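What follows is each chain in one-letter form.
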Amino acid sequence: MSAVMPGDDMSVDEEHSRPARVDDTTVEALGELSKALETIHRVRGHLYSAHQLVGGADLTLDRVVKLLREAGNNEVADRVEHELLGRNVLPGRWTFQIVEEFDDGYYAAFQEIERDARERLAGGRRHIYEAEMKQRRRTPGMPGHEATP
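Residues numbered from 1 in each chain as written. Predicted model: local features only at pLDDT ≥ 70, side-chain atom pairs only at ≥ 80, totals over all residues. Heavy atoms only, no water.

## What to know about the packing of aromatic side chains
Basically, it comes down to this: We call Phe, Tyr and Trp rings a pair once their centres come within 6.5 Å, taking the six-membered ring for Trp, and we label the pair stacked below 30 degrees between planes, edge-to-face above 60, and tilted otherwise. Helix numbering and strand numbering both begin at the N terminus, where a helix is a DSSP run of H or I of at least 4 residues and a strand a DSSP run of E of at least 2. We call a residue buried when its accessible area falls under 20% of the maximum for its residue type, exposed when it is over 50%, and partly exposed in between, using a 1.4 Å probe and counting protein chains only.
Summed over all chains, the structure comprises 4 aromatic pairs. Plain terms: the ring middles of F102 and Y106 are 6.1 Å apart, the flat faces sit at 40 degrees to each other, and that makes the pair tilted. Of the two residues, F102 and Y106 both sit in helix α3 (residues 95-122), 4 residues apart, roughly one turn of that helix. The exposure class assigned to F102 is buried, which follows from its relative accessible area of 15%. Within the aromatic cluster, the residues linked to one another by ring pairs are F102, Y106, Y107 and F110.

Laid out in structure tokens, this is it:
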């Protein structure tokens with residue numbers, strides 16, 4: 001596929017058309033960078049899931065301690081209460097701190113670099129690679145294959 005000029009019908013709409021003089025390799029590279037960022041979005045979601053799961057488990061320990069004490073198992077209750085309840089998951093950190101560090105560091109940098117690459121190389125346009133793929137794979141005129149809503 002050669003470089004395509006906007007309006008050459010290689011994309012589903014103008015917003016996702018490749019700007020003039022943007023070559024296939026650049027479009028592919030930006031598509032891969034976007035794909036990598038999407039993976040990092042998923043990682044962020046998993047970190048938030050871990051944050052909520054660990055927090056929920058920690059809150060459940062209150063009931064565990066209560067039940068152990070009711071059953072007369074004070075030594076085990078003490079161990080759960082003093083060694084596990086409120087414990088850091090990493091040195092000096094609860095999960096909210098891990099999430100914040102990830103958000104403010106790696107995640108923020110990744111998003112900024114991906115946006116900068118799109119701005120510099122494709123006029124800020126997103127998903128050019130996917131839009132061109134959609135245009136190639138759809139069947140014009142067929143229900144469910146419309147280019148746009």
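Additional details are given in the paragraphs that follow.
## Some thoughts on the environment of K134
Convention followed: Between two residues, a contact is recorded if the distance between any of their heavy atoms is within 4.5 Å.
Along the chain, K134 turns up in helix α4 (residues 128-137). Each C-alpha atom of the pair K134 and V12 lies 7.1 Å from the other, and the pair is 122 residues apart in sequence. Apart from the residues within four sequence positions on either side, K134 is in contact with V12, E146 and A147.

## What about the pattern of salt bridges?
Quick reminder of the rule: Any Lys or Arg side-chain nitrogen found within 4 Å of a carboxyl oxygen on Asp or Glu counts as a salt bridge.
Following the criterion strictly, the structure yields 12 salt bridges and no others. Across the salt bridge formed by E70 and K66, the nearest N and O atoms sit 2.6 Å from each other. Of the two residues, E70 and K66 both sit in helix α1 (residues 24-70), 4 residues apart, roughly one turn of that helix. E70 gets classed as exposed once you look at its relative accessible area, which sits at 54%. For K66, a relative accessible area of 45% puts it in the partly exposed group. Between R120 and D116 there is a salt bridge whose closest N-O contact spans 2.8 Å. Residue R120 and its partner D116 are located together in helix α3, separated by 4 residues, close to a single helical turn. One continuous salt-bridge network, built from bridges that share partners, spans R18, D24 and E132.

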